[in-house]
Amino acid sequence: MGAGYAGAVLAERLASQCGATCLVIDKRTHIGGNAHDHYDKAGVLLHTYGPHYFRSNSERIVAYLSQFTEWHPVEYKILSWAEGRHWQFPINLNTFEQLIGRPSTSGEMEATLAEWRVPIENPANSEEVIVSQVGTRLYEMFFKNYTRKQWRREPSELDASVCGRIPIRTNRDDRYLSEKFQALPKDGYTAMFARMLDHPNITVQLGTGFREARQQVKYRHLIFTGPVDEYFDHCFGQLPYRSLRFEPETLNQEFFQPTMQVNYPNDHEFTRIVEIKHATGQQIPVTTIVREYPDDYGPGKEPYYPIPAPDAKALYDRYAALAEKEEGVSFVGRLATYRYYNMDQVVGMALTEFEKLKSRHADLPRPNAHLTGPAK
Ligand code: FAD
Ligand code: UDP
């Protein structure tokens, strides 16, 4: 269930390596999950659900995906808009020079940050992880309000891993991300997923909800990649999620902004404006920008982000205990394991689950098996 990374990787592996027959269902009318991309009316290739910057430190994961795509290397660069001007972001030596208004060195920056830093030995939340590295001035300039807008929580209520994702550097490396491999699928994500799912043993059924399919489909093993609380009918209450609203605008000009993403920590209701054309390298005389507005999760909204916070984790742990006991079902992916995972991490998780399934179900290749409901 789910035609995103978790579902597609497992269907591909089980079909191609074990000869299993796989039915991939998704309530959406397209494959790729949140990584889906499409061409808009103006012909601009857009990432449908927000910018998806592929990056990984794992050669195994890159090699796996490289069977289904060539890559377009990208150095992801962004800017942050604060105090009426663009700043180099994430914080690096160039940002420091902008701040002090003259050329500097890594040594001077390190010495200055050492003075600004709030001494905290083990940062326990997203406020502490930033102030313990750069002090309150830079925290308030770039992180505090962006985080409040994005999560509708105080940074101090969020795990350190949330703001801790953003690198802070004292050299001139101004790339948004630090992983070794940074590139986009050459023909886009959707084309890559289409190749993964193009196997005679795989059937893709779109526009089909889990509940409906569960009544109708006979299956031996279920890979569930949707929200884990939904699977268990929210028996312990609903897990918290953050949603988003995307507002695209096509402009009759080649480019709108200097980089693929500009963050707005303190101004506007939106958090960022993305002009993905900078990253895809598409040559086209018009451009489409997308303003991204954080939104509360509720009926009719997509649960884009699990919320990395202690209270949410405590509730998730109760669902995880049920999931652990559920026979014949694998819970895989960002929503099924309630983790703020990047794409490569979900691919890694799916490949690991495949190894488990392969050994646990040594007799998996039974393409003609017709069993109703999960295996007992
Ligand atoms: P999903 O892609 O969410 O797939 C789950 C699928 O299940 C969906 O297609 C959904 O429609 C389907 N589904 C759910 N419930 C049901 C149901 N009841 N019935 C039928 N189908 C159902 N990662 C990066 O590496 N780099 C980035 O730059 C990046 N940027 C991101 C930006 C945004 C705004 C978001 C939201 C995520 C971003 N990610 C990024 C994370 C990335 O999207 C995920 O890691 C990845 O897509 C997770 O794959 P998945 O298969 O677990 O889940
Ligand atoms: N963040 C911030 N200011 C920024 C960029 C990010 O405070 O300019 C914080 C914010 O809490 C955000 C988190 O860091 O949710 C992770 O940012 P990232 O860009 O990785 O988020 P994603 O692309 O997953 O939405």
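Describing the sheet that holds strand β4 (residues 55–56)
Taken together, three strands build an open sheet; the order of strands is β4-β8-β5 and the sheet is antiparallel. For this open sheet the edge positions go to β4 and β5 (71–73), each flanked by a neighbour on one side alone. Sheet analysis places β5 next to strand β8 (residues 181–185), joined by three bridges and oriented antiparallel. When the sheet's bridge partners are listed, P73 is paired in β8 with A183.

Concerning the packing of aromatic side chains
On inspection of all chains with the given rule, the structure shows 30 aromatic pairs. Look at W151 and Y305: their rings are 5.3 Å apart centre to centre, the planes differ by 70°, and that puts the pair in the edge-to-face class. With W151 in helix α6 (residues 136–151) and Y305 in strand β15 (residues 305–306), the pair connects residues that are 154 residues apart, well separated along the chain. Residue classification places Y305 among the buried positions, given a relative accessible area of 9%. Following the ring pairs from residue to residue traces out a cluster consisting of F210, F224, Y231, F232, F236, Y319 and F331. Cation over ring: R28 sits above Y49, and NZ or CZ is 4.1 Å from the ring centre. In this structure, R245 packs its charged tip against the face of Y293, placed 4.3 Å from the ring centre.

A closer look at the site of ligand 1
Not every one of the 31 residues close to ligand 1 is listed here, only the nearest: D26, H52, Y53, E230 and M343. At a separation of 2.9 Å, an oxygen atom of ligand 1 approaches a polar backbone atom of N34. Contact between ligand 1 and R55: a nitrogen atom at 3.1 Å from a side-chain N or O atom of the residue. About the coverage of ligand 1: the protein hides 96% of its 1000 Å² of free accessible area. Of all elements in the fold, only α1 (5–18) and α13 (343–360) reach the threshold of two or more residues within the shell around ligand 1.

Here's the deal with the packing of α1 against helix α8 (residues 189–197)
Put simply, α1 and α8 touch, their axes get as near as 9 Å, and they point 30° apart. One finds that α1 runs roughly parallel with respect to α8. In contact with Y5, A8, V9, A11 and E12 of α1, α8 contributes Y189, M192, F193, M196 and L197. Among the residues forming the contact of α1 with α8, the class breakdown is nine nonpolar, no polar and one charged.

A word on the site of ligand 2
The full set close to ligand 2 counts 16 residues, and T147, Y176, N263, Y305 and Y340 are the nearest of them. One of the backbone N or O atoms of F143 is found 3.2 Å from an oxygen atom in ligand 2. A distance of 2.6 Å is found between an oxygen atom of ligand 2 and a side-chain nitrogen or oxygen belonging to Y340. Tallying contributions element by element places α6 first for the shell around ligand 2, with six residues.

What to know about empty space enclosed by the protein
Evaluation of the coordinates by the stated rule reveals one cavity of 30 Å³ or more. Looking at the largest cavity, its volume works out to about 80 Å³. L46, H47, G50, P51, F246, V274, I276, T288, V290 and E292 together form the lining of the largest cavity. When contributions to the lining of the largest cavity are tallied by element, the ones reaching two or more residues are β3 (45–47) and β14 (287–296). At three residues, β14 tops the list of elements feeding residues into the lining of the largest cavity. Across the lining of the largest cavity, the residue classes tally to six nonpolar, three polar and one charged.

About the criteria used
- Residues numbered from 1 in each chain as written.
- Chains lettered and ligands numbered in written order.
- Predicted model: local features only at pLDDT ≥ 70, side-chain atom pairs only at ≥ 80, totals over all residues.
- Heavy atoms only, no water.
- Pairing = 2+ DSSP bridges.
- Helix = DSSP H or I, 4+ residues; strand = E, 2+ residues; numbered from the N terminus.
- Phe/Tyr/Trp six-rings, centres within 6.5 Å; stacked < 30°, edge-to-face > 60°.
- Buried < 20%, exposed > 50% of the residue type's maximum accessible area, 1.4 Å probe, protein only.
- Lys NZ or Arg CZ within 6 Å of the ring centre and 35° of its normal.
- Near = heavy atom within 4 Å.
- Polar contact = N/O pair within 3.5 Å; in protein donor to acceptor, adjacent residues only side chain to side chain.
- Areas by Shrake-Rupley, 256 points an atom, 1.4 Å probe, with all protein chains shown as cover.
- Axes fitted to C-alpha atoms, helices over the stretch in contact; angles between N-to-C directions.
- Parallel < 35°, antiparallel > 145°, perpendicular 65-115°, else oblique.
- Contact = heavy atoms within 4.5 Å.
- Nonpolar A, V, L, I, M, F, W, Y, C, P; charged D, E, K, R; others polar.
- 1 Å grid on protein atoms, 1.4 Å probe; cavity = no way out; pocket = protein on both sides within 12 Å on 5 of 7 lines; lining within 4 Å.
- Points joined across faces, edges and corners; volume = space filled by probe spheres on them.

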